[in-house]
Amino acid sequence: ASGGFVGVLRMLPLLQSGLDLRTYMSVLQEANPEHAQCGSAPSPLLRLDLDVCAQDATDRFVLTPRGVALLETSDPDVLADHLLTTMYGPDHLLKALEERPMHLHEVAEFLSRLIPGDEVRNRRLLRWLHDLGVIELGDGQVYALSERGKRWAALITWTPETKEAA
C-alpha cells in the first residue's frame, strides 16, 4: 500500500512548486488508489486533516509551513498539535488509551459512541493514528499508546469536548 503516512511523505516534494487541481487529483489517486475520489472535489486529508497543503491565490496546491516542516523532517510529531486541536476524536482516544489499553472491539465501541454513524471515519482515524506511530496494536488485538502516543497524550492539557447530538 502506497497510501497512509508514507504516501503523504511521497507527495510533499511534488507540492513544493505547486500543483494545479487536475495534477493534484492525479497525484492523490496514484498515492492512494483505494481511496480515489469520484468527481472533482479534492480529498480534504492533506488540506484539512493534516494541514500540509493549501490552495494559493492562483488555485495551485502548495505546501503550508507545516507541510514544509514535515518535508524537512519526515517526523509525525509535526502533525501533533494540529491533529489534536482541530480534528474531532484523536484527543478523546489518546486520553482513553492513556488510562488503559483497550481491545479492538472496545476501541470500535468507544469511537462509535464518540462519532456515531460514521464507521468509515472512525476506521480511518484508527488507521492514521496507527500509521503515524501514535498507537500500537499488540497481542490479542489490544490497542495501547506507543512512546509517541504517550508524548502526544501529555500534550492534551484540556478535557476533550463531546459534540452534542444534532
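As shown above, the structure is provided for reference.
Each value, and the rule that gives it
- Residues numbered from 1 in each chain as written.
- Predicted model: local features only at pLDDT ≥ 70, side-chain atom pairs only at ≥ 80, totals over all residues.
- Heavy atoms only, no water.
- Helix = DSSP H or I, 4+ residues; strand = E, 2+ residues; numbered from the N terminus.
- Contact = heavy atoms within 4.5 Å.
- Axes fitted to C-alpha atoms, helices over the stretch in contact; angles between N-to-C directions.
- Parallel < 35°, antiparallel > 145°, perpendicular 65-115°, else oblique.
- Left-handed = near helix turned anticlockwise from the far one by under 90°.
- Nonpolar A, V, L, I, M, F, W, Y, C, P; charged D, E, K, R; others polar.
- Pairing = 2+ DSSP bridges.
- Buried < 20%, exposed > 50% of the residue type's maximum accessible area, 1.4 Å probe, protein only.
- Phe/Tyr/Trp six-rings, centres within 6.5 Å; stacked < 30°, edge-to-face > 60°.
- Arc of directions from axis to C-beta.
- Core = buried A, V, L, I, M, F, W, Y, C linked by side-chain atoms within 4.5 Å.

Time to look at the side chain of Thr64. Considering the arrangement of structural elements, one finds Thr64 in the loop between strand S2 (61-63) and helix H4 (65-73). Apart from residues no more than four positions distant in its own chain, Thr64 is found in contact with Asp51, Val52, Cys53 and Ala54.

Attention now goes to the packing of helix H7 (residues 104-114) against helix H8 (residues 119-131). Here H7 crosses H8 at 125°, and the two axes come no closer than 10 Å. Regarding the angle of H7 to H8, the classification is oblique. For the crossing formed where H7 meets H8, the hand is right-handed. Side by side, H7 and H8 meet where Leu104, Val107, Leu111 and Ser112 of the first sit next to Glu119, Asn122, Leu125 and Leu126 of the second. The residue inventory of the contact of H7 with H8, partitioned by class, reads 5 nonpolar, 2 polar and 1 charged.

We now examine the sheet that holds strand S4 (residues 135-138). Spatial ordering of the open sheet is given by S3-S5-S4, a layout of 3 strands whose pairing is antiparallel. At either margin of the open sheet sits one strand with a lone partner, and together these are strand S3 (102-103) and S4. Here S3 pairs with strand S5 (residues 142-145) via 2 bridges, running antiparallel. Bridge pairing links His103 to Val142 in S5.

Once that is clear, we can look at the environment of Gly138. Counting through the fold element by element, Gly138 comes out in strand S4. Here Gly138 falls in the partly exposed class, since its relative accessible area comes to 38%. Remark: the alpha-carbon pair of Gly138 and His103, spanning 35 residues in sequence, is separated by 9.3 Å.

Here the distance between the centres and the angle between the planes together describe a pair of aromatic rings. In the structure shown here, the tally under the stated rule is 1 aromatic pair. Pairing Tyr24 with Phe61 gives two aromatic rings, centres 3.9 Å apart and planes at 5°, and the pair type is stacked. A residue pair is termed long-range when its members are at least 10 positions apart, and Tyr24 in helix H2 (residues 21-31) and Phe61 in strand S2 qualify at 37 residues. The residues Tyr24 and Phe61 share a single accessibility class, namely buried.

Before going further, it helps to examine H7. Listed as buried for H7 are Val107, Phe110, Leu111 and Leu114. In an axial view of H7, the angular spread of the buried residues amounts to 95°, which keeps them on one side of the axis. Elements in contact with the buried residues of H7: helix H6 (90-99), S3, H8 and S5.

Once that is clear, we can look at the nonpolar core. Judged by nonpolar contacts, the single largest core of 45 residues is most densely connected at Tyr24, Leu70, Leu79, Leu94, Leu132, Ile135 and Trp152. Examining the composition of this core, we find that 5 residues originate from one element, helix H1 (residues 4-15), more than from any other. Ignoring anything within four residues of it in the chain, the contact list for Leu70 reads Phe5, Val8, Leu9, Leu12, Val52, Asp75, Val78 and Leu79.

Below, the discussion takes up the packing of H1 against H4. Packing of H1 against H4 brings their axes to within 10 Å, and their N-to-C directions diverge by 105°. Relative to H4, the element H1 is oriented roughly perpendicular. For the pair H1 and H4, contact is made by Phe5, Val8, Leu9, Leu12 and Pro13 and by Gly67, Leu70 and Leu71, respectively.

Right, let's talk about the environment of Val27 for a bit. Structurally, Val27 can be placed in helix H2. Each C-alpha atom of the pair Val27 and Leu14 lies 8.6 Å from the other, and the pair is 13 residues apart in sequence. Beyond its immediate stretch of four places on either side in the chain, Val27 contacts Met11, Leu14 and Leu19.

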